[in-house]
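Coordinates in review
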Amino acid sequence: MSKIPKPSSFKPSSRVVGKPLTTILENNVNGSKEAPASLLRPQPAYGFGLRRRSKSVTDLRNIIHKPLTDLAQLKTQFLKKDIQNENKPKCIIKANDKNVKPISAKNTGVKRIATANTNNGDGPPKPKVSKKIPDWDYKGRFHQLNEKFIYTQESLKVMKDKISEFEEIETHYNQIKAEAEELGEAKACLQEKCENLSLDNRKLKLEVDKLRIKLNLLENDHKELQKSASVLTEQNTKLTEENDMQSKNLVKLTESFSELTDLHTKLTKENEELTKSHKELFEKYNHFCEKNESLLVSLANANEKIKHFEEQTEQQKNDLNHFQAERRRLHNVIQDLKGNIRVFCRIRPPISSSELELLQCSISFVDHNGLEIRKTRESISQITGKPQEFKGEFTFDRVFPPESTQEEVFEDLAQLVQSALDGYNVCVFAYGQTGSGKTFTMQGGEELDQRGMVPRTIDLIFEAIKKFNNCGWNYTIQASFLEIYNENIRDLLNINNTQKLEIYHNEGKGSTVTNLTIQPIESAVELKQYMSLAHRNRATAATNFNEHSSRSHAVTKIYIEGTLEDQNIILKGTINLVDLAGSESAKVTINDERLTETKNINKSLATLGDVISALFCKSKHIPYRNSKLTYLLQSCLGGNSKTLMVVNIAPFEECFNESINSLRFAAKVKEVKTGSKRNKLVLAQPTMKL
Ligand SMILES: Nc1ncnc2c1ncn2[C@@H]1O[C@H](COP(=O)(O)OP(=O)(O)OP(=O)(O)O)[C@@H](O)[C@H]1O
């Protein structure tokens, strides 16, 4: 049995009133919660019990299923009972219907009497029931009966009204019955639909089960997705950070891109131009390729020639080294032939007007080697009574008159510089009295052409080194500057040097001075700078001859070391350029201090003479140690060393005696030279200049 929705659960609605029952049922079948309109319609009153029950759907259902005859029967019964009830005061209503509960007298009691006298609104007011009227009170009984009669009449009237109501109800019942039939049909439809719906419901349940399973699966998936979502969130955070960085990079890259775009545009233009020029160049290239082929042929020929020339060059290099060795040998032979000790004499000119006013000696020059010097004033000999002549004739390797230039004086010295580069020790002395021109000869004047022997030697050494470098030679130059003053050595490159400067002689290495500054030199300019410094540091003292006369021996020593690695040749030579102190005799000195200076100077000069004499005599003992000067120059005096002495002469008559002394000293030295080399004048070798 399909369930019909209970009317009690429906709310009354005015909207459904007047609608056909089928429509209402259909609406309910479709899920509407509205009650059928007929069920909500106000029911006609056919008794207070029935009216109340008519609101129940169950009663209505019963009514629907009861046949119409029952209703007529009900009406009749109802009317009968109503009349009977009137006659049975103990029970106001006796319901035959199961649904109308009988009211027992027990429950009503006295109240029944009270209610009988009250009007309940459905009928006429009941006559009051007073206490029992005695039988004899006919009047009272009549009055009572009369009231009952009136009441009965009114009740009858009421019943008639009720009958008419029942007729309406009957009409209405018929309508309801018709509607009930419709409802039955609708119910069948609904049942069918319900069955269908239950089928659908089952299907839906199955689907729901499936969906639940799916849901579980989806929930699991959801959890996994949540996990992966959290992982992805972390990744997302990282990626966001990376993205930020990338964004920044992107901005930079965008900027760079724009720059590159500009550059690209420029380069595109350049490329176009270059393509154009490339085209032109390619044409030229093709042209040159053609030329190149012919040139390659010529190149191959040239290569062959180069190879041939290289072989020749190598041969010539070997020859050159051989010739250089030969040149060194021959140069040395020439120098030996010229003499290992050479003596030049140089007469200086008067340089100031005061010097021009002085009496000059008469000096006559015999070719380049000899000179004759005499006094202008002749004196009478006290012994013979005849006029006495003071003159001297001297022959030297070279005599330079006053007009001789520094360049001319240096010509011969240049050959000795070459000997130093070839690995020999060379010593150049400037000898002479104070003011005779020693310093001028060695250092020179201010002008370029007045450069003396020392700067010219420096220039020549570095010029020669350049040439030798081209032939594979490598030279290193060092220099030291010292002076010997009162037999004490002073370092002219470091005048504050308080360390002891002592001379030691080593047979292999020659003389060395301890603690002396030996300065490596890279260029001629650098060496000249040190030379100027040494010149400034040199001890000077004013004399009556020359305001800045030197009272010390100044020694400039240049160390030359040449290496030819190919041939494993090392040449070590030195050049000593010595500006000797003035050689004047003690009688012209002014004071004791000067006298001591002069004595020391003369002693060292005399020792120099003695050493040279001892070398000439080939004495067993050479007194080198008698003076610091000779001890220092020991390795440059004698042996294979080359010595050049330039005797400087002042042309003044008042210097005549000193000049004669100097010339005699020089002549003595010259004799040494000629004596030792005369026997060897056998080979005449050509002179080889640098
Ligand atoms: N050949 C020369 N030509 C021109 N002037 C010269 C010549 N020789 C020397 N003199 C000048 O004569 C002066 C004295 O010369 P210098 O100073 O060289 O003499 P010195 O012998 O070195 O004296 P001292 O021993 O005192 O040093 C200087 O003014 C110098 O310039």
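Residues numbered from 1 in each chain as written. Predicted model: local features only at pLDDT ≥ 70, side-chain atom pairs only at ≥ 80, totals over all residues.

**Regarding unusual backbone geometry**
Residues other than glycine seldom take positive phi values, yet Glu-487 does so here, at roughly 65°. Structurally, the position occupied by Glu-487 is in the loop between strand S9 (473-485) and strand S10 (488-491). For Glu-487, a count of 13 C-beta atoms within 10 Å puts it in the partly exposed group. Of note, the phi angle at Asn-515 is positive, near 60°, even though the residue is not glycine. (Helix = DSSP H or I, 4+ residues; strand = E, 2+ residues; numbered from the N terminus. Buried ≥ 20, exposed ≤ 12 C-beta atoms within 10 Å, placed from the backbone.)

**Some words on helix H13 (residues 524-537)**
Taking 1.5 Å of rise per residue, 14 residues should cover 20 Å, and H13 covers 20 Å from first to last C-alpha, within 8% of that figure. Turning to H13, its buried residues number three or more, namely Leu-527, Met-531 and Ala-534. All buried residues of H13 fall inside an arc of 65° around its axis, so they share one side. Of the exposed residues in H13, those oriented more than 90 degrees away from the buried face are Val-525, Gln-529, Ser-532 and Arg-536. (Expected span 1.5 Å × (residues − 1). Arc of directions from axis to C-beta.)

**Considering helix H8 (residues 138-338)**
Taking 1.5 Å as the rise per residue, H8 with 201 residues should run 300 Å; its terminal C-alpha atoms sit only 217 Å apart, a clear shortfall. Its maximal kink placed at Asn-292, H8 deviates by approximately 25°. For H8, the tally of buried residues reaches only twelve of 201 residues, placing the bulk of the element at the surface. Turning to H8, its buried residues number three or more, namely Ser-155, Lys-162, Phe-166, Ile-169, Ile-176, Glu-179, Ala-180, Leu-183, Ala-186, Leu-190, His-331 and Gln-335. At the exit of H8 stands Gly-339, carrying a positive phi of roughly 110°. (Bend = angle between axes of the 7 residues up to and from the residue.)

**Notes on the UniProt feature "binding site: ATP" (unreviewed entry) in the protein chain**
According to UniProt, the feature "binding site: ATP" (unreviewed entry) maps to Gly-432, Gln-433, Thr-434, Gly-435, Ser-436, Gly-437, Lys-438 and Thr-439 in the numbering used here. Residue position: Gln-433 is located in the loop between strand S8 (425-432) and helix H11 (438-442). Tracing the chain through its elements places Gly-435 in the loop between S8 and H11. (UniProt positions renumbered as here; feature names shortened; annotations may be inferred.)

**As for the nonpolar core**
Core analysis: the biggest nonpolar cluster contains 78 residues, and Cys-345, Val-428, Phe-429, Tyr-431, Met-645, Val-647 and Ala-666 have the highest contact counts within it. Dropping the residues within four chain positions of it, Met-645 is found in contact with Val-343, Phe-429, Tyr-431, Ala-666 and Val-669. (Core = buried A, V, L, I, M, F, W, Y, C linked by C-beta atoms within 7 Å. Contact = placed C-beta atoms within 7 Å.)

**Some remarks on the packing of H8 against helix H10 (residues 406-421)**
For the pair H8 and H10, interaxial distance at closest approach is 10 Å and the crossing angle is 135°. Considering their axes alone, H8 and H10 lie oblique with respect to each other. Considering the relative orientation of H8 and H10, their crossing is left-handed. Residue-level inspection shows His-331, Asn-332 and Gln-335 of H8 in contact with H10, the latter providing Gln-415, Gln-418 and Ser-419. Looking at the contact of H8 with H10, its residues break down into no nonpolar, six polar and no charged. (Axes fitted to C-alpha atoms, helices over the stretch in contact; angles between N-to-C directions. Parallel < 35°, antiparallel > 145°, perpendicular 65-115°, else oblique. Left-handed = near helix turned anticlockwise from the far one by under 90°. Nonpolar A, V, L, I, M, F, W, Y, C, P; charged D, E, K, R; others polar.)

**A closer look at the pairing of S9**
Strand direction decides the pairing type here: S9 and strand S14 (residues 553-564), joined by twelve bridges, are antiparallel. Residue Thr-476 lies in a different strand from S14, and its bridge partner there is Glu-561. Two strands pair when backbone bridges link them, and S9 and strand S13 (residues 519-521) are joined in this way by three bridges, in the antiparallel orientation. The residue of S13 that forms the bridge with Ala-479 is Gln-519. Of the strand pairs in this sheet, S9 and S10 are connected by four bridges, and their pairing is antiparallel. Residue pairing across strands places Tyr-485 opposite Asn-488, the latter belonging to S10. Hairpin remark: S9 followed by S10, antiparallel, with two residues in the connecting loop; positive phi at Asn-486, about 50°. (Pairing = 2+ DSSP bridges.)

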